[in-house]
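A structural walkthrough
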Amino acid sequence: MGQPKPTPHKSATAIPDEILAVPLGDRSYDIVLGTGLLSQLGARLRPLLPGKQVAIVTNTTVAPRYLEAVETALRQHGFVTLAIVLPDGEAYKDWPHLQILFDALIQHCFERSATLLALGGGVVGDMTGFAAATFLRGVPFVQVPTTLLSQVDASVGGKTGINHPLGKNLIGAFYQPRQVIIDVDTLTTLPQRERLAGMAEVIKYGIIWDAAFFAHLEQGVEGILDLEHRLLIDTICTCTTIKAAIVSGDERETAGGPRALLNLGHTFGHAIETLAGYGHWLHGEAVAIGMVMAADLSQQLNLCRASDVARIRQLLTRCGLPVKAPDFPVDHYLDAMARDKKVMDGALRLVLINSIGQASIHRAVPMDRLRQSIQRHLNPPEGGL
Ligand code: NAD
Ligand code: GLY
């Protein structure tokens, strides 16, 4: 049941300061990856953008660190900038704060040729992208991701949106950026807990796609966590290369296409985020727990080996990530999971693991097996799972 894998456009050992292509016809764009890129934003974007107005959307944590550098870099090249600084947090990835963004754009007479630039993590990126998809029926949009999680995943591929109180990311649009500019220098100010959360999505690529990358992480994940420059660039490059290949083969996550594999652990993880209240668990932490729950279920269904589950659990644990689900009633998990975007004709579709490096979508996991698996995860047998 493994999915056909599109050929990545770069090898896993790519060198620093890379430009990777995301080929999507007239929506194609580049991912630029390197250091010192914030100061080059104006020069890079000038030939790419149709107008001079740029709204820089960011938040109260990122703005004091990087907003001035971004404004200066853009103004030096003739752009007229407007900063829109939102409150920081997953809890604000919602309709009222999207409205604040639109209010600012309309009050400042932003036109169709204006660009929205997302400066921040996945929350800012998802909201900005959705605003760009809908403002004046669509304006250009640029991603400048500043967290590890958004650099390896959220900024690439054009999934944009906001949360609903009943479920994560339920309102949104597919809308591709004009460019993704990843300045790894920004990671030096990222708190350790956020770095670790980003590692969950890094590890995900190894589990769903690339067994050799997973083994490589097992050999020296600590170097990446310490932000060893070369290792960090290579890691982000590998992840974005895989993501670009998957997205260019299945932009809109079609039934049976490979993009859904990127949701490994997310159906469980989104349920955890929703049940606990947005912001209690970081997205990457919830995904880490969700990947272990998906791996446990895969083993229960005899799809993968116990040793695969153990390796996944061990690597996540070495990264300081949680692997045990919070204790909500099983029915609450099932209700939250039933509202997942992957539900089709009323049936839950889950990403499960065949082996490390290979995952597949399953449409017919019996409800009693899913219930038992969550129950077992919450109350492990003597001696652990
Ligand atoms: P986030 O955007 O909340 O950022 C994490 C924290 O780091 C925030 O407090 C932020 O202010 C802070 N921060 C950002 N950059 C910083 C820096 N350089 N220095 C110091 N602090 C910094 O969280 P995230 O983990 O980046 O993204 C999670 C979000 O992304 C979730 O909403 C998730 O649903 C979404 N997501 C989207 C996709 C997609 O394909 N669109 C993929 C994965 C996740
Ligand atoms: N993060 C999942 C996707 O982009 O499809």
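Above this note sits the structure.
Conventions we followed
- Residues numbered from 1 in each chain as written.
- Chains lettered and ligands numbered in written order.
- Predicted model: local features only at pLDDT ≥ 70, side-chain atom pairs only at ≥ 80, totals over all residues.
- Heavy atoms only, no water.
- Buried < 20%, exposed > 50% of the residue type's maximum accessible area, 1.4 Å probe, protein only.
- Helix = DSSP H or I, 4+ residues; strand = E, 2+ residues; numbered from the N terminus.
- Pairing = 2+ DSSP bridges.
- Salt bridge = Lys/Arg side-chain N within 4 Å of Asp/Glu carboxyl O.

So, about the pairing of strand β9 (residues 179–183). Along β9, five of the five residues are buried, which leaves the element largely enclosed by surrounding structure. By the alternation rule, side chains of β9 split into Gln-179, Ile-181 and Asp-183 and Val-180 and Ile-182, which are all buried. By the bridge criterion, five bridges tie strand β2 (residues 29–34) to β9 in an arrangement that is parallel. The residue bridging Ile-31 from the neighbouring strand is Val-180, located in β9. Pairing of strand β6 (residues 141–145) with β9 involves two bridges; the strand directions are parallel. The residue bridging Gln-143 from the neighbouring strand is Val-180, located in β9.

Turning next to the pattern of salt bridges. Under the counting rule described, the total for this entry stands at 18 salt bridges. Of the charged contacts, one joins Arg-193 and Glu-285 as a salt bridge, the two residues approaching to 2.6 Å between their closest N and O atoms. In this pair, Arg-193 is assigned in helix α6 (residues 192–208) and Glu-285 in helix α10 (residues 283–300), connecting sequence segments 92 residues apart. When its relative accessible area of 44% is taken as the criterion, Arg-193 is described as partly exposed. Through salt bridges with shared partners, a single ionic network connects Glu-90, Lys-93, Asp-126, Lys-168 and Glu-273.

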